[in-house]
Amino acid sequence: MGTLLPYFASRTQIIILGFVCFGCPGMFNALNGTGGGGQVDRTAGNNANTALYVCFIFSGLFGGAIVNRFGVRFTMFFGGIMFALYSGSYIYINHTGNPWFTIWSGAMLGIGAGVFWTAQGMIMMSYPLENEKGKFITIFWVIFNLGGVIGGIVLLATNYNHEGPLSDAAYGAFLAIEVCGALCALVLAPPSRVQRTDGSGIEIQKVENIMDDALAILRLFADPRMLVLIPMMFSSNFYYSYQFGPYNGSLFTTRTKGFNNIWYWGAQMATSFAFTRMLDHPALSRKARALTGVVVTFCVVNAVWGGALHMQSRYTHGATNAGQTDYPGGPIDFMQTSRAVGPCILYACMGIQDALWNNMAYWLLGTMTNDATRLARYAGFYKAIQSLGAAASWQLDAKNVAFKTQLVVNWALLDVSSVLMFYLSFKIQSTAVTYREYEHQIAEKAGASEGSAVDAADVAAAIDTPLCGYESPTPA
């Protein structure tokens, strides 16, 4: 075992990754959490988010190959700069009222974010040891969501005595922080030099052909485990459009939207810390942890969306250029304690649900393999499907679909996804393997000589043991 240098330690790299995401998507989340990018008319923001996630689908498809080819530092730096471009575009719309630059920058962000999040997913899932996956997710998630908390404070401070669209000062602050976050990406170490806690290195297969790797991601549609998880992936950003628009963006005053974001993202930090401690608990088997995690998530999902349905029955629209929301008493301000306490707490609980859902998603994907190259492909596939869901959901709000209809669609999708996650959890095994370990197991069972090639067809014929941490599918 070699000497573990602090800079190259996997935990150090996860901390740096957290600060990259603190500055870039953390600020983006705070801005998006106001509904419509902080504009009274959410149409431009909704269309920009649609353009973002449509482009994200394709950049996520090629993301694994691009990250493996060009490295995590420069791909995350490029993606980080696109976050800054998007925030800055709202200064233009404040002064001109013209949405084209915001929509175009949303598309550019989609291209950059695809490779950004693929790199993030590869680091997040491949750097920790198996008994550290939950702990490392917590470290990242707390730092990342601290960005949303700070972003909420920025929104509250810069708009405390201002009602209407967010001020130029707010957008300028987000732009500056996002540039700093992008620069932090250049501090990341190459994965090949990173050491895990036990001194082992990160295995990376060199990508010779980006198109071949993209096709390998497409072939994941033939993986039964991925097919089961598609609804979970599709829904993992789907609910943001409802939470940020018809709920936070429609019910509250401008400064209260920022106040709510502090608690929404703050609740995620606390939830991630507690939840992932359970997911790593040594006293429980891996399958027991998976099943417990899904049950907890399912219960919270139904409690939160039941509360949202109760609130939704009291109003049908938010503020428009023609007038205020039809919620009784008008928009809610956090200084109106008796009116604000219930709706604000519910929004914080939506943050708890989001943390449970995405932590569970990353943890489940991380149990499938320990191989960094395969995990980069999983991350790209996950983000592509996630973005497809997000693109669809933002158009629901852009097309003025009834708020209650949006709520019911979200709730049903999350419940169906939970059932499928529960099914997959029954298949989980006690350990995952790297690609080399897996290939060695197959070679031993197939009787292949050392160093000889192992064809994919040999897998089905030779291996009876679990595939990458999951039981083999039951034959039809």
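Treat the numbers as computed from the prediction; the structure is a model and nothing was measured.

(A) Seen up close, the overall build of the protein chain. For the protein chain, the helix and strand inventory stands at 17 helices and zero strands. The proportion of buried residues among the 476 residues of the protein chain is 58%. At a minimum sequence separation of 6, the contacts of the protein chain that also span at least 24 residues come to 84%. Of the accessible surface of the protein chain, which amounts to about 17900 Å², a share of 66% is contributed by carbon and sulfur atoms.

(B) A look at unusual backbone geometry. Positive phi, close to 60°, is recorded for Asn400, a residue that is not glycine. Position of Asn400 relative to the elements: it lies in the loop between helix H14 (372-398) and helix H15 (403-425).

(C) Representation of the packing of helix H11 (residues 254-279) against helix H13 (residues 337-366). Where H11 meets H13, the closest approach of the two axes is 7 Å, and the angle between their N-to-C directions is 40°. In terms of their interaxial angle, H11 and H13 are classed as oblique. Every pair of crossing elements has a handedness; the one defined by H11 and H13 is right-handed. In terms of residue class, the contact of H11 with H13 is built from 16 nonpolar, nine polar and one charged.

(D) The arrangement of the packing of aromatic side chains in detail. In the structure shown here, the tally under the stated rule is 35 aromatic pairs. Judged by centre distance (6.2 Å) and plane angle (55°), the rings of Phe19 and Phe22 are tilted. Placement of the pair is Phe19 and Phe22 together in helix H1 (residues 10-23), with a separation of three residues, close to one helical turn. Since its relative accessible area comes to 17%, Phe22 is described here as buried. Put simply, the rings of Phe28, Phe83, Tyr86, Tyr90, Phe116, Trp117, Phe140, Trp141, Phe144 and Tyr171 pair up and form one aromatic cluster.

(E) Here's a closer look at the environment of Asn161. The topology assignment puts Asn161 in the loop between helix H6 (133-158) and helix H7 (168-184). By relative accessible area, which is 77% here, Asn161 ends up exposed. Distance in space between the C-alpha atoms of Asn161 and Arg255 is 7.8 Å, their sequence separation being 94 residues.

(F) Focus on empty space enclosed by the protein. All told, the structure shown has four cavities of 30 Å³ or more when counted by the stated rule. Each pocket or cavity is described by its volume, and for the largest cavity that value is around 250 Å³. Lining the largest cavity are 22 residues, and of these Asn29, Trp117, Asn237, Tyr240 and Lys383 lie nearest its centre. Of all the secondary-structure elements, those providing two or more residues to the lining of the largest cavity are helix H2 (25-32), helix H3 (43-70), helix H5 (100-126), H6, H11, H13 and H14. For the lining of the largest cavity, the residue count by class is 14 nonpolar, six polar and two charged.

(G) The packing of helix H4 (residues 72-96) against H7, seen in detail. Relative orientation of the contacting elements H4 and H7 amounts to 170°, with a least axis distance of 8 Å. The angle between H4 and H7 falls in the class roughly antiparallel. In this structure, H4 uses Phe77, Gly80, Ile81, Phe83, Ala84, Ser87, Gly88, Tyr90, Ile91, Asn94 and His95 to contact H7, whose residues at the interface are Asp168, Tyr171, Gly172, Phe174, Leu175, Glu178, Val179, Ala182 and Leu183. Broken down by class, the residue content of the contact of H4 with H7 amounts to 12 nonpolar, six polar and two charged.

(H) Local environment of the pattern of salt bridges. Following the criterion strictly, the structure yields two salt bridges and no others. Salt-bridge contacts for Arg225 lead to Asp223; the nearest nitrogen and oxygen are separated by 2.4 Å.

(I) Expanded view of the side chain of Ser272. Mapped onto the elements, Ser272 comes out in helix H11. On the basis of relative accessible area, Ser272 is assigned to the buried category, the value being 1%. With residues up to four places along the chain from it excluded, the contact list for Ser272 reads Ile137, Thr138, Trp141 and Asn359.

(J) Seen up close, the nonpolar core. Core analysis: the largest hydrophobic core is formed by 120 residues, its most contacted members being Trp117 and Tyr247. Looking at this core, the element that brings in the most residues is H13, giving 14 residues. Discounting chain neighbours no more than four positions away, the residues touching Tyr247 are Tyr242, Phe252, Met311, Tyr315, Pro343, Leu346, Tyr347 and Met350.

(K) Focus on the state of the cysteines. In the structure shown here, the tally under the stated rule is zero disulfides. Cysteine Cys21 is unpaired, with the sulfur of Cys24 as its nearest cysteine sulfur at 7.3 Å. On the basis of relative accessibility, which here comes to 0%, the residue Cys21 falls in the buried class.

(L) Up close: the environment of Ala9. Tracing the backbone through its elements, the reader meets Ala9 in the segment before H1. Along the primary structure Ala9 and Val194 are separated by 185 residues, whereas in three dimensions their C-alpha atoms are 5.9 Å apart.

Rules and cut-offs
Residues numbered from 1 in each chain as written. Predicted model: local features only at pLDDT ≥ 70, side-chain atom pairs only at ≥ 80, totals over all residues. Heavy atoms only, no water. Helix = DSSP H or I, 4+ residues; strand = E, 2+ residues; numbered from the N terminus. Buried < 20%, exposed > 50% of the residue type's maximum accessible area, 1.4 Å probe, protein only. Contact = heavy atoms within 4.5 Å. Areas by Shrake-Rupley, 256 points an atom, 1.4 Å probe, with all protein chains shown as cover. Axes fitted to C-alpha atoms, helices over the stretch in contact; angles between N-to-C directions. Parallel < 35°, antiparallel > 145°, perpendicular 65-115°, else oblique. Left-handed = near helix turned anticlockwise from the far one by under 90°. Nonpolar A, V, L, I, M, F, W, Y, C, P; charged D, E, K, R; others polar. Phe/Tyr/Trp six-rings, centres within 6.5 Å; stacked < 30°, edge-to-face > 60°. 1 Å grid on protein atoms, 1.4 Å probe; cavity = no way out; pocket = protein on both sides within 12 Å on 5 of 7 lines; lining within 4 Å. Points joined across faces, edges and corners; volume = space filled by probe spheres on them. Salt bridge = Lys/Arg side-chain N within 4 Å of Asp/Glu carboxyl O. Core = buried A, V, L, I, M, F, W, Y, C linked by side-chain atoms within 4.5 Å. Disulfide = S-S within 2.5 Å.

So far we have only geometry, and geometry alone does not tell us how the molecule works.
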